Amino acid sequence: MAKKKIEYKFDYDSKFLNEHNVKKLAYELSHDADNSEKILDCLFTAEATDEQIAEATGIKLNVVRRILYKFFDAGMANYTRKKDPETQWFTYYWRFDSRKAAQLLEKEYNQHNKEIKDSLDYEENNMFFVCPNGCRYPFDEAAEYQFVCPRCNEKLEYKDNTDIINDLKKLESSYNINE
């Protein structure tokens, strides 16, 4: 039997909210791609209890709860708690939070791009020297060591970093932006 394709529809408009980004974020939170994707599919289908999710996906209940709580801690999922009048037990109904997910995605995207920009600035504004064993130092540090590697006592040679700069310029965030 073919698996039914779940359509990811968001109740919040953001250039970061799309299926690829949400699944990537879920994986980064849970470090469990298969299970987090199945749980996300359930949360997009309808508000559901952890038991319903476990039954629908075939994932152990404790794994479902662990992943749901990781989503909750990040703010990507929320729940409503209802008390059964007969048993006095609480039941938790889980749902996906589009607004918070969009905020998390934007924060991740901006952080990643800032790291790329900072690395690019560092590479463009420094000259580097390396020893035969691969130890790498900026000019100021290499001059401080009199162009001798402090780790392996080998002579430091100038190394052109144009390839690194070009690679950083090509590097983009792994999140997709909706155009």
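No experiment lies behind these values; they were computed from the predicted model shown.

## Brief notes about the sheet that holds strand β6 (residues 157–159)
Taken in spatial order, the three strands of this open sheet run β5-β4-β6, and their pairing is antiparallel. Looking at which strands have only one partner, the edges of the open sheet turn out to be β5 (136–138) and β6. Across the sheet, the mean angle separating the axes of adjacent strands is 40° when strand polarity is ignored. When strand β4 (residues 128–130) meets β6, the two strands line up antiparallel, connected through three bridges. Along β6, the bridge assignment pairs Phe-128 with Lys-159.

## Considering a nonpolar patch on the surface
Judged by side-chain polarity, Met-127, Phe-139 and Tyr-158 come together as a nonpolar surface patch covering roughly 300 Å² of accessible area. Mapped onto the fold, Met-127 is located in the loop between α5 (98–124) and β4.

## Some points on helix α4 (residues 61–74)
With 14 residues, α4 extends 20 Å between its outermost C-alpha atoms, agreeing within 8% with the 20 Å of an ideal straight helix rising 1.5 Å per residue. Residues Val-63, Val-64, Ile-67, Leu-68, Phe-71 and Ala-74 constitute the buried set of α4. Relative to the axis of α4, the buried residues are bounded by an arc of 130° and lie together on one face. Away from its buried face, by an angle of more than 90 degrees, α4 presents the exposed residues Asn-62 and Asp-73. Looking at the buried side of α4, the elements it contacts are α1 (19–30), α2 (33–45), α3 (50–57), β2 (77–83), β3 (90–96) and α5. One or two residues past the end of α4 sits Gly-75, with phi positive at roughly 95°.

## Concerning the packing of aromatic side chains
Per the counting criterion, the structure on display carries 13 aromatic pairs. Summarising the aromatic geometry, the rings of Phe-129 and Tyr-158 are spaced 5.9 Å apart at their centres and angled 70° between planes, so their arrangement reads as edge-to-face. Here Tyr-158 lies in strand β6 and Phe-129 lies in strand β4, a separation of 29 residues in the sequence. For Phe-129, a relative accessible area of 9% translates into the label buried. Clustering of aromatic rings is evident, with ring pairs tying together Tyr-69, Phe-72, Tyr-79, Tyr-92 and Trp-94. The ring centre of Phe-90 lies 3.9 Å from the NZ or CZ of Arg-81, which sits over that ring. A cation over a ring is seen here: Lys-82 above Tyr-93, with NZ or CZ 4.9 Å from the ring centre.

## Some thoughts on the nonpolar core
Ranked by size, the top nonpolar core spans 29 residues in total, and within it Ile-39, Leu-40, Leu-43, Ile-53, Phe-71, Met-76 and Phe-96 carry the most contacts. At the level of elements, α1, α2, α3, α4, β3 and α5 are the ones that each hand at least two residues to this core. One finds Cys-131, Tyr-137, Ala-142 and Cys-149 within the second-largest nonpolar core, a separate group that totals seven residues.

## Brief notes about unusual backbone geometry
Phi at His-31 is positive, roughly 55°, even though this residue is not glycine. Mapped onto the elements, His-31 comes out in the loop between α1 and α2. At Gln-88, a residue that is not glycine, the phi angle is positive and equals roughly 65°. Here Gln-88 shows up in the loop between β2 and β3.

Reading the values: the criteria
Residues numbered from 1 in each chain as written. Predicted model: local features only at pLDDT ≥ 70, side-chain atom pairs only at ≥ 80, totals over all residues. Heavy atoms only, no water. Pairing = 2+ DSSP bridges. Helix = DSSP H or I, 4+ residues; strand = E, 2+ residues; numbered from the N terminus. Axes fitted to C-alpha atoms, helices over the stretch in contact; angles between N-to-C directions. Patch = residues over 30% accessible without salt bridge, like charges linked within 9 Å, V, L, I, M, F, W, Y side chains within 5 Å. Areas by Shrake-Rupley, 256 points an atom, 1.4 Å probe, with all protein chains shown as cover. Salt bridge = Lys/Arg side-chain N within 4 Å of Asp/Glu carboxyl O. Expected span 1.5 Å × (residues − 1). Buried < 20%, exposed > 50% of the residue type's maximum accessible area, 1.4 Å probe, protein only. Arc of directions from axis to C-beta. Contact = heavy atoms within 4.5 Å. Phe/Tyr/Trp six-rings, centres within 6.5 Å; stacked < 30°, edge-to-face > 60°. Lys NZ or Arg CZ within 6 Å of the ring centre and 35° of its normal. Core = buried A, V, L, I, M, F, W, Y, C linked by side-chain atoms within 4.5 Å.

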